[in-house]
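Fold and geometry: a report
Each chain is listed here by its residues.
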Amino acid sequence: MDSAALAELKAAVGTDGWTDDAERIGPHLVEWRGAWSGRTPIMLTPGSTEQVAAAVRVCAKHGLAITPQGGNTGLVGGQIPQGEVLLSLTRMRAVRRIEPLEDVMVVEAGLTLLEAQQVAAGADRLFPLSLAAEGTATIGGVISTNAGGTAVLRYGVTRDLVLGLEAVLADGSVFHGLKRLRKDNTGYDLKQLLIGAEGTLGVVTAAALKLFPMMRSRATAIVGVETVEAALSLLATAKDETGGGVEAFELMNRQGLELVLAHIPDTRAPLETETPWSVLIELVSGEPGGAERGMERLLEAAFEAGLIVDAAVAQTAGQAAQFWRLREDMSAAQKAAGGGWKHDISLPLTEIPNFIAETDAALQMEFPGIRQVTFGHLGDGNLHYNVVPPVGEDPTAFAARRDEGARIVHDRVAAREGSISAEHGLGVLKTDEALRYKDPAQVAAMRAVRQALDPQRVMNPRVLF
Ligand SMILES: Cc1cc2nc3c(=O)[nH]c(=O)nc-3n(C[C@H](O)[C@H](O)[C@H](O)COP(=O)(O)OP(=O)(O)OC[C@H]3O[C@@H](n4cnc5c(N)ncnc54)[C@H](O)[C@@H]3O)c2cc1C
């Protein structure tokens with residue numbers, strides 16, 4: 001990098017705001033699973049929006065590309081620079097404002113999701129976004145990937161939880177959009193463009209987030225079902241029985257559960273009966289005891305209707321955590337069993353049973369002996385439709401055939417009007433693949449927006465179209 005540009009960047013963020021020390025930068029250049037590694041001439045760690053803006057202005061002036069990074073938990077490689085300036089938001093962690101009466105908090109982008117939940121809980125409010133990486137993922141990161149997680153069924157995705165945004169655009173100007181309003185019909189809702197933009201339209205520096213009442217009771221159960229159709233009927237029954245009290249409804253197939261039991265220490269089968277599918281259900285209620293009563297009613301109705309064949313209700317918070325571990329360690333178990341391919345897809349709910357039957361058969365025909373690990377947020381129509389190599393097959397050779405498998409899966413997703421990236425974004429992993437399936441008019445509109453806001457393509461240039 002040009003030494004004048006480097007000096008200007010350092011001046012823009014002050015002495016605490018940059019490093020070129022390889023040891024400090026190192027962890028920011030590798031993705032947690034080792035799927036990507038990168039390089040950068042400098043990592044900026046600005047401490048304020050003004051410093052972010054000053055740094056971006058220098059980059060715009062010299063035509064230097066920027067990769068924004070939060071907690072580095074993204075799963076599609078968009079946060080790992082390949083020679084770009086690395087802009088880490090991890091020093092911007094202030095809670096700017098909390099207004100329990102308005103059910104709003106304003107926090108900076110580098111606060112972790114877990115810390116944001118804790119700040120809300122401290123004011124007896126709930127920030128409901130929750131995902132396994134919440135101890136490290138940041139508010140800026142979940143906004144930029146429009147993260148989903150386990151409570152989407154009740155509270156929506158990140159997009160639904162953001163009232164206002166502050167961001168630095170590609171020319172270094174500040175987008176002052178931190179309004180705490182639920183109603184504001186004054187033209188285009190531009191903050192929605194930045195949500196899910198994966199760092200391509202600007203750097204998110206702060207957000208006004210929606211809060212909710214704390215739930216006074218929570219009940220967790222795992223049930224065994226014979227078919228995905230039965231799981232879907234159970235979901236409908238759960239919604240009816242609880243009037244919107246279903247917070248999570250997570251599907252797991254037998255193969256996935258067996259891999260967890262085999263590879264993750266201190267796990268055990270939750271049910272005595274072995275069924276092809278299990279569902280982890282979490283109900284919540286604003287009334288003490290309400291969730292437990294709702295669960296009792298639901299399980300009774302479900303047994304009576306023949307929807308479930310076995311059930312275990314967590315008796316303690318510890319037991320509920322054990323149930324969740326079975327679900328959350330599916331990816332770790334897949335890795336231990338030889339890795340393989342992952343597909344983060346979504347489909348209209350009623351298409352899911354036929355999609356699984358048809359695609360399972362097509363994959364088995366092409367790759368005999370593969371182990372299919374299908375799990376995910378069924379309530380949101382979101383499946384992690386994953387494939388583990390056959391026992392004894394070389395994982396590296398199998399990984400090399402990923403694109404062949406993806407074509408079989410994604411063609412069938414597209415045919416049923418689904419999405420090939422439900423919650424992880426496109427990053428560098430899926431941008432080309434998405435071009436095969438995305439409506440050309442939408443791609444053109446996205447390119448036009450990007451060109452208008454970032455004509456030099458300074459912001460995360462290798463990500464999105
Ligand atoms: C174990 C595990 C479980 C997960 N579970 C889920 C899940 O259930 N649901 C789900 O949706 N996702 C899940 N994810 C992935 C999820 O996308 C990320 O965890 C999270 O949203 C990214 O936050 P981050 O701060 O780590 O961002 P990073 O990984 O640092 O960045 C992600 C993307 O956002 C951009 N970005 C980051 N910060 C900013 C900013 N301030 N301004 C502009 N752009 C920015 C980056 O350039 C990159 O393109 C999971 C990940 C892991 C590791």
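Scroll up to find the structure.
Notes on the pairing of strand E15 (residues 310-313)
Only one face of E15 is buried: it carries Asp 310 and Ala 312, and the other face, with Ala 311 and Val 313, is open. When strand E12 (residues 217-225) meets E15, the two strands line up antiparallel, connected through four bridges. Each bridged residue has a counterpart across the sheet, and for Val 223 the counterpart in E15 is Ala 311.

Considering helix H11 (residues 290-304)
Over its 15 residues, H11 extends 21 Å from the first C-alpha to the last, a length consistent with the 21 Å expected when each residue adds 1.5 Å. Just beyond H11, the residue with positive phi is Gly 306, at close to 70 degrees.

A word on the site of the ligand
Around the ligand there are 35 residues in total, and Pro 68, Gly 70, Thr 73, Gly 74 and Thr 138 lie nearest to it. Between an oxygen atom of the ligand and a main-chain N or O atom of Gly 71, the distance comes to 2.7 Å. Surface burial for the ligand is 93%, taken as the share of its 970 Å² of free accessible area covered by protein chains. The greatest single-element share of the shell around the ligand, amounting to four residues, is contributed by helix H5 (residues 139-144). Partitioning the shell around the ligand into residue classes produces 13 nonpolar, 20 polar and two charged.

Thoughts on the pattern of salt bridges
Counted according to the given criterion, the structure contains 24 salt bridges. For Glu 241, the salt bridge goes to Arg 297, with nearest N and O atoms at 3.4 Å. Residue Glu 241 is found in helix H9 (residues 228-242), and its partner Arg 297 is found in helix H11; the two are separated by 56 residues along the sequence. Assessed through its relative accessible area of 28%, Glu 241 is described here as partly exposed. For Arg 297, a relative accessible area of 42% corresponds to the partly exposed category.

Quick notes on the sheet that holds strand E1 (residues 18-19)
Strands sit in the order E1-E2-E4-E3 across an open sheet of four strands; the sheet is mixed. Only two strands of the sheet have a single partner each, and these edge strands are E1 and strand E3 (66-69). As judged from the two bridges shared by strand E2 (residues 43-44) and strand E4 (residues 85-88), these two strands associate in the parallel manner. When the bridges of E4 are listed, Met 43 appears paired with Leu 86.

What counts and how
- Residues numbered from 1 in each chain as written.
- Predicted model: local features only at pLDDT ≥ 70, side-chain atom pairs only at ≥ 80, totals over all residues.
- Heavy atoms only, no water.
- Buried < 20%, exposed > 50% of the residue type's maximum accessible area, 1.4 Å probe, protein only.
- Helix = DSSP H or I, 4+ residues; strand = E, 2+ residues; numbered from the N terminus.
- Pairing = 2+ DSSP bridges.
- Expected span 1.5 Å × (residues − 1).
- Near = heavy atom within 4 Å.
- Polar contact = N/O pair within 3.5 Å; in protein donor to acceptor, adjacent residues only side chain to side chain.
- Areas by Shrake-Rupley, 256 points an atom, 1.4 Å probe, with all protein chains shown as cover.
- Nonpolar A, V, L, I, M, F, W, Y, C, P; charged D, E, K, R; others polar.
- Salt bridge = Lys/Arg side-chain N within 4 Å of Asp/Glu carboxyl O.

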